[in-house]
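If you want the building blocks of each chain, they are given just below.
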Amino acid sequence: MRIPFTKMHGLGNDFVVLDARESALPPMTGDIAAALADRHTGIGCDQLVLIEPSDAADLRMRIFNHDGGEVEACGNAARAVGVLVGHAITMETLGGEITARPDDAGIAVDMGVPRLGWDQIPLAYAMDTLSMPVGWDSGMDHPVAVNVGNPHAIFFVDDVDALPLGEIGPVIEKDQIFPEGVNVNAAQIVSRSAIKLRVWERGAGLTRACGTGACATAVAAMRRGLVDRTVTVSLPGGDLTISWDADSEAGPGSITMTGPATIAFTGEFDWGDFA
Ligand SMILES: N[C@H](CCC[C@H](N)C(=O)O)C(=O)O
């Protein structure tokens, strides 16, 4: 069975996108997703993105990490789907409903309201998520924990480029204090409107950009009073603008992420080669 795909990226965080809205695909599994994501024997990507029909929103976006794990959210992928569709849409995801709309700077995604409770991250036991009383060998300690559909630990450091994130990231990612794993963010405050960020992604490793990481890091920095409510987050692949609406009687505001997404090329593969 020949399957069309679109290769896309958001600031270098790359995706293989399959659009099953018009014609159903055979069931996607973690093994098939990982095989397609493999950069040596597959098409190669950080995440596989599957677009399906939805009864609750304009479409359903499913995200499979490079390791095949299906996850709740992917900010850069949300912008990629926004570019592919070409107009404002609502998306159902495992992490909740999000919306994407064209914007002067590319695509603006409303990522919803961040979850800040220890059990919403989730963490293994009750603790202060604004400064987790934990540390790891490289001196990266007392992170902020934020869930933006998916779990993030944010460490504020003096120099992100001096960190061995490729070594300490996988250790923290799989620490038992994070029952569902965690995306590991190393952030450097540049000014009250600028953050420099590197991310070790759960299930994908070091990536050139992480949209949810940028959102979670902005929320963490705002919670600590380090930046204003709109901030530019600079990742190895480029910049994202993150705003966190002020809280109201209804509760915490929602997060908006704005930035580009790019179609690299289209192609086809034979499902039988990967299933
Ligand atoms: N690795 C993430 C999913 C992809 C997130 C990242 N690519 C983004 O743009 O948000 C996780 O396991 O939660």
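These numbers were taken from a predicted model, which means no experiment stands behind them. (Residues numbered from 1 in each chain as written. Predicted model: local features only at pLDDT ≥ 70, side-chain atom pairs only at ≥ 80, totals over all residues. Heavy atoms only, no water.)

## Here's the deal with the overall build of the protein chain
Secondary structure summary: the protein chain contains 4 helices and 17 strands in total. A globule of 275 residues ought to have a C-alpha radius of gyration of about 19 Å, and the protein chain, at 18 Å, matches this closely. Principal-axis analysis of the C-alpha atoms gives the protein chain an extent of 50 × 40 × 30 Å. Of the contacts formed within the protein chain by residues at least 6 apart in sequence, a portion of 61% connects residues at least 24 apart. (Helix = DSSP H or I, 4+ residues; strand = E, 2+ residues; numbered from the N terminus. Rg over C-alpha atoms; globule rule 2.2 N^0.38 Å. Contact = heavy atoms within 4.5 Å.)

## Brief notes about the environment of Asp141
By secondary structure assignment, the location of Asp141 is in the loop between β8 (106–112) and β9 (144–147). Separated by 15 residues in the primary sequence, Asp141 and Phe156 place their C-alpha atoms 8.8 Å from one another. Apart from residues lying up to four places away in sequence, Asp141 is in contact with Val134, Gly135 and Phe155.

## Side note on helix α1 (residues 30–37)
Restricting attention to buried positions, one finds in α1 the residues Ile32, Ala33, Leu36 and Ala37. Axial view of α1: buried residues confined to an arc of 135°, hence all on one face. (Buried < 20%, exposed > 50% of the residue type's maximum accessible area, 1.4 Å probe, protein only. Arc of directions from axis to C-beta.)

## Focus on the packing of aromatic side chains
Counted by the stated rule, this structure contains 6 aromatic pairs. Where Trp136 meets Phe178, the ring centres are 6.4 Å apart and the plane angle is 15°; that geometry is what we call stacked. In this pair, Trp136 is assigned in the loop between β8 and β9 and Phe178 in the loop between α3 (165–173) and β11 (183–191), connecting sequence segments 42 residues apart. Given the relative accessible area of 3%, Phe178 is considered buried. Note on Phe269 and Phe274: the rings are 5.5 Å apart at their centroids and 90° apart in plane angle, and the pair reads as edge-to-face. Phe269 gets classed as buried once you look at its relative accessible area, which sits at 5%. (Phe/Tyr/Trp six-rings, centres within 6.5 Å; stacked < 30°, edge-to-face > 60°.)

## What about the UniProt feature "binding site: substrate" (unreviewed entry) in the protein chain?
The UniProt record marks Asn13, Gln47, Asn65, Gly75, Asn76, Asn150, Asn183, Glu201, Arg202, Gly211 and Thr212 with the feature "binding site: substrate" (unreviewed entry), using the residue numbering of this structure. Mapped onto the fold, Gln47 is located in strand β3 (residues 47–52). With residues up to four places along the chain from it excluded, the contact list for Gln47 reads Asn13, Asp14, Phe15, Val16, Ile63, Phe64, Asn65, Cys74, Glu201 and Ala204. Engagement of the side chain of Gln47 in a polar contact is seen with the side chain of Asn13, the distance being 3.1 Å. Structurally, the position occupied by Arg202 is in the loop between β12 (194–201) and β13 (205–206). Judged by relative accessible area, which is 10%, Arg202 ranks as buried. Non-local contacts of Arg202, meaning those with residues more than four positions away in its chain, are made with Asn65, Val71, Glu72, Asn150, Pro151, Glu173, Glu180, Gly181, Val182 and Asn183. (UniProt positions renumbered as here; feature names shortened; annotations may be inferred. Polar contact = N/O pair within 3.5 Å; in protein donor to acceptor, adjacent residues only side chain to side chain.)

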